[in-house]
Amino acid sequence: MRQGRADDYAEFAGARAGHLYRSACLLTAGDTHLAEDLVQETLGRLYVRWGRVSRADNPAAYAQTVLTRTFLAHQRRRSSGERATDVFPDLPGTGDGDAPLRLTLLAALARLPAKDRAVIVLRYWEDRSVEQTADVLHVSSAAVRTRCSRALGRLRELLGEDLAEYARP
């Protein structure tokens with residue numbers, strides 16, 4: 001890769017890595033180690049295709065798409081030796097007092113299937129349209145609307161009244 005393109009890539013990666021990491025944390029329901037791995041793999045894939053990616057209309061959206069597809073691929077090939085758990089390790093506080101709310105939301109997200117989690121993160125965290133979400137996931141817009149509706153319903157079931165106790169007045 002030419003030095004100019006390498007510099008452009010390094011600048012892009014530095015600017016987007018934090019956002020990709022936060023999205024990956026939501027996709028993995030708080031598994032920070034897996035989130036780091038997903039971001040690293042995403043940035044590696046972007047580096048290989050940087051010539052094409054840099055010419056795209058929205059490289060940041062392209063990066064988010066690669067992250068989401070990397071996550072879904074990981075979920076499909078997850079080793080049978082790995083065991084999912086609903087217990088989170090002690091996480092350092094964020095200092096804003098929302099730690100119980102964050103943990104409650106992450107625990108609820110963890111109980112959703114991977115594709116439901118991806119739809120919720122893309123639609124509500126990334127603020128993507130139904131059509132954009134459908135394009136990322138290679139499904140129809142109707143499938144996104146259906147999955148989103150069911151995932152939100154499931155989150156409401158999982159959170160129930162618990163969320164109200166964490167809401168600020």
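This text goes with the structure placed above it.
The rules we used
Residues numbered from 1 in each chain as written. Predicted model: local features only at pLDDT ≥ 70, side-chain atom pairs only at ≥ 80, totals over all residues. Heavy atoms only, no water. Axes fitted to C-alpha atoms, helices over the stretch in contact; angles between N-to-C directions. Helix = DSSP H or I, 4+ residues; strand = E, 2+ residues; numbered from the N terminus. Parallel < 35°, antiparallel > 145°, perpendicular 65-115°, else oblique. Left-handed = near helix turned anticlockwise from the far one by under 90°. Contact = heavy atoms within 4.5 Å. Nonpolar A, V, L, I, M, F, W, Y, C, P; charged D, E, K, R; others polar. Core = buried A, V, L, I, M, F, W, Y, C linked by side-chain atoms within 4.5 Å. Buried < 20%, exposed > 50% of the residue type's maximum accessible area, 1.4 Å probe, protein only. Phe/Tyr/Trp six-rings, centres within 6.5 Å; stacked < 30°, edge-to-face > 60°. Polar contact = N/O pair within 3.5 Å; in protein donor to acceptor, adjacent residues only side chain to side chain. Expected span 1.5 Å × (residues − 1). Bend = angle between axes of the 7 residues up to and from the residue. Salt bridge = Lys/Arg side-chain N within 4 Å of Asp/Glu carboxyl O. Patch = residues over 30% accessible without salt bridge, like charges linked within 9 Å, V, L, I, M, F, W, Y side chains within 5 Å. Areas by Shrake-Rupley, 256 points an atom, 1.4 Å probe, with all protein chains shown as cover. Lys, Arg positive; Asp, Glu negative; His and termini not counted. Charge placed at Lys NZ, Arg CZ, Asp CG, Glu CD.

A. Layout of the packing of helix α6 (residues 114-125) against helix α7 (residues 130-137). Where α6 contacts α7, the two axes come as close as 10 Å, and the packing angle between them is 140 degrees. Judged on the interaxial angle alone, α7 and α6 are oblique. The element α6 and its partner α7 pack so that their crossing is right-handed. Of the residues in α7, those touching α6 at Ala118, Val119, Leu122 and Arg123 are Val130, Thr133, Val136 and Leu137. Residues of the contact of α6 with α7, tallied by class, amount to six nonpolar, one polar and one charged.

B. Layout of the nonpolar core. Counting residues in hydrophobic clusters, the biggest one holds 42 residues, and the most contacted among them are Leu43, Leu46, Leu67, Leu109 and Leu137. A per-element tally of this core places helix α1 (residues 3-27) first, with eight residues. Once you skip the residues sitting within four places of it in the chain, Leu109 turns out to touch Leu26, Ala29, Arg117, Ile120 and Leu155.

C. Up close: the packing of aromatic side chains. A full pass over the atoms with the stated rule returns three aromatic pairs. Measuring from ring centre to ring centre gives 5.1 Å for Tyr9 and Tyr47, while their planes differ by 75 degrees; the resulting arrangement is edge-to-face. Of this pair, Tyr9 sits in helix α1 while Tyr47 sits in helix α2 (residues 32-48), and the two are 38 residues apart along the sequence. Residue Tyr9 is classed as buried on the basis of its relative accessible area of 11%. When the ring of Tyr9 is compared with that of Trp50, the centres are 5.5 Å apart and the planes differ by 75 degrees; the resulting orientation is edge-to-face. Of this pair, Tyr9 sits in helix α1 while Trp50 is found in helix α3 (residues 50-53), placing the two residues 41 residues apart along the sequence.

D. Just the side chain of Thr70, in detail. Inspection of the secondary structure puts Thr70 in helix α4 (residues 59-77). Of note is the side chain of Thr70, whose polar atom sits 3.3 Å from the side chain of Arg45. The contacts of Thr70, once residues within four sequence positions are left out, are Leu38, Glu41, Thr42 and Arg45.

E. Expanded view of α1. In this model, α1 (25 residues) spans 33 Å end to end at C-alpha, consistent with the 36 Å of a helix rising 1.5 Å per residue. Residue Arg16 marks the point of greatest curvature in α1, where the axis turns by about 45 degrees. Along α1, the residues that are buried comprise Tyr9, Phe12, Ala13, His19, Leu20, Ser23, Ala24, Cys25, Leu26 and Leu27. Structurally, α1 contributes buried residues whose contacts are with α2, α3, α4, α5 (99-110) and α6. In the segment just after α1, Ala29 is the residue with positive phi, at about 60 degrees.

F. Representation of the pattern of salt bridges in the model. Taken as a whole and assessed by the stated rule, the structure comprises three salt bridges. Across the salt bridge formed by Glu41 and Arg45, the nearest N and O atoms sit 2.6 Å from each other. Remark: Arg45 and Glu41 occur in helix α2; sequence separation between them is four residues, near one turn of the helix. A salt bridge links Arg147 to Asp116; the shortest N-O distance between them is 2.7 Å. Of this pair, Arg147 sits in helix α8 (residues 141-159) while Asp116 is found in helix α6, placing the two residues 31 residues apart along the sequence. Relative accessible area serves as the criterion here: at 10%, Asp116 is assigned to the buried category.

G. Structural detail: the side chain of Thr42. Position of Thr42 among the secondary structure elements: in helix α2. Once residues within four sequence positions are removed from consideration, Thr42 is found in contact with Leu20, Ala63, Val66, Leu67 and Thr70.

H. Summary view of a positive patch on the surface. A cluster of basic side chains, namely Arg2, Arg5, Arg49, Arg52 and Arg55, defines a positive patch on the protein surface. If you trace the backbone, Arg55 turns up in the loop between α3 and α4. According to the relative accessible area criterion, Arg55 is exposed, its value standing at 59%.

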